[in-house]
Amino acid sequence: MDDTAEKGPALQMTSLLCTLHDHLDDVNWCAFSAKLFATCSGDKTLRIYNTSDFSELSFSPLSGHGYSVHCCCFSPCGQFLVSCSTDATTVVWSMVTGEIEAVMEHPGRSPVRICALSPDSIHMVSGASDGTLALWDFPSKQLRRTGAVNDTTMVACSFSPCSQVFMTGSTYGDLRLWDLNMNQLHAEKNAHDLGVTCCTFAPSILSGGQVVQFRLASCGQDSLLKIWAINKFSSGAYKMQRLHTLTGQSAPVLSCAYSSDGQLLVSGSVDKTVAVYDAKNAVLLYTLKQHERYVTACSFSPTSPLIATGSMDKTVNIWRLEDGCSGHGGKSMSGESALTSGEGRNSAGRLKLLVTDWSEEDVSEWLVEEGLERLVDKFRANNIDGTELLSLTKETLASELLIESVGLRNKLLRKVEELKSESACSGIPDEFLCPITRELMKEPVIAADGYSYEREAIESWINTKNRSSPMTNLPLLTTLLTPNHTLKMAIGRWKTSH
């Protein structure tokens, strides 16, 4: 952290309340209203639950999108739910009936990656893969204005608590502040130099003298969570200043959210962890580790001491914050709480690989993390890579690697079995999924945009989407599709090993 933080408040204990297993693909977003909880997924559906007992509503799941649903948010009154999708639409759902109230087609028919409602329920913003923004009048569902940032994808958006300005973040790495006339008030270039993934305003407004101040949290592919002060001066000018850089996670941070009182900040990461911070003092309170794959979504309940986290492991975890005190400036521990140290157990590089693709160096790093560093030299001398690691037996450990300690051999084999189990439940590698259907590809083909798709899906897309790329929204120079034999073989090998 940049600043010397004050001592944090008395800590709360965190326990895992329940796990929701209903989605069939990655969970992309989750959101609370006062009484309901919503999730959306690559399986094209949204699911709605009562927050009293997390039972699913009778009209759930909601099935109206044609492709992956990227984001969802409740209207402040909780009467409506808004969702956006790769199918280039933003849909408004009634939370009384589960019926579709309106379908807003994004200008240019580009995949919509993010949507946000203003706290006063008057405006909605949707952001797309081609860098365009659409500002809608929410009561009438009419398009009011459009804007754009070239050569990027809009992936983050949040309204200020006063509803008069909103912040966007893109894969280019910039944060941009806009007014309701779609004028850019401020651009923070390279806010996250590898790309922004999420941004969220704190719910409170700080004012003093001639300045009104908002707080904003943002996270990105640089593995950082940042807290910003946004000052509005009486002249109407805005200035943005970074207050803290939080480094509690060891891989790209994909999502972040403030609690309803602005006191806590939660983030989810590619390192599979959830970090909870004291937002005021920028102190890491504790790290939750329960998900088996990337944590893509997180949200606080506005009315209950609950945190929800969603993941590429297709599950959503509901955590309860319970009153408790700790004499430590760091993490509280209890028998029920699913807490680990703030350090990730896997490096960002290995997270993206199947174990069979690990290098000898990857294996050495894993041995050190598992407390088996005394074996590193033996493994290096015998050129043990990921494939060799998974094939080890008691006999080879004793006769070929000459590991004499029975206890050490047994400990290593237990760790290898855990690794195999982790790999088996870690889901399908993302590169094996069609970007359109989010399903395992059977006949992968390369399109003119350089991306690989399931043949049937991209052919259907080209026939109905005016020959635009699903990933970039730019025109496809040709409709020629080339079979991706290398990818097909890799998928075949993966299926055989699983």
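Above this text is the structure in question.
Overview of the structure.

Basis of the calculations
Residues numbered from 1 in each chain as written. Predicted model: local features only at pLDDT ≥ 70, side-chain atom pairs only at ≥ 80, totals over all residues. Heavy atoms only, no water. Helix = DSSP H or I, 4+ residues; strand = E, 2+ residues; numbered from the N terminus. Expected span 1.5 Å × (residues − 1). Buried < 20%, exposed > 50% of the residue type's maximum accessible area, 1.4 Å probe, protein only. Arc of directions from axis to C-beta. Contact = heavy atoms within 4.5 Å. Polar contact = N/O pair within 3.5 Å; in protein donor to acceptor, adjacent residues only side chain to side chain.

What follows covers unusual backbone geometry. Cis peptide bonds are those with omega within 30 degrees of zero, and the linkage from Ser60 to Pro61 qualifies with 5°. As for its placement among the helices and strands, Pro61 is situated in the loop between strand S4 (45–50) and strand S5 (62–63). Residues other than glycine seldom take positive phi values, yet Lys44 does so here, at roughly 80°. In the Ramachandran plot, Arg109 falls in the positive-phi region, its phi being about 55° despite a non-glycine side chain. Tracing the backbone shows Arg109 in the loop between strand S9 (100–105) and strand S10 (112–117).

This paragraph deals with helix H8 (residues 485–497). For H8, spanning 13 residues, the distance from its first C-alpha to its last is 19 Å, which sits close to the expected 18 Å at 1.5 Å a residue. Taken as a whole, H8 has its buried residues at Leu487, Ala490, Ile491 and Trp494. Down the axis of H8, the smallest arc covering the buried residues is 100°, so these residues share one side. Facing away from the buried side of H8 by over 90 degrees, the exposed positions are His485, Met489, Arg493 and Thr496. Check the buried side of H8 and you find it contacts strand S31 (444–446) and strand S32 (452–454). Where H8 begins, one side-chain oxygen reaches toward the backbone nitrogen of Leu487, 3.0 Å away; that side chain belongs to Asn484.

A few words now on the environment of Leu433. Here Leu433 shows up in the loop between helix H6 (406–424) and S31. Not counting residues up to four positions away in its chain, the partners in contact with Leu433 are Ile428, Arg438, Glu439, Leu440 and Met441.

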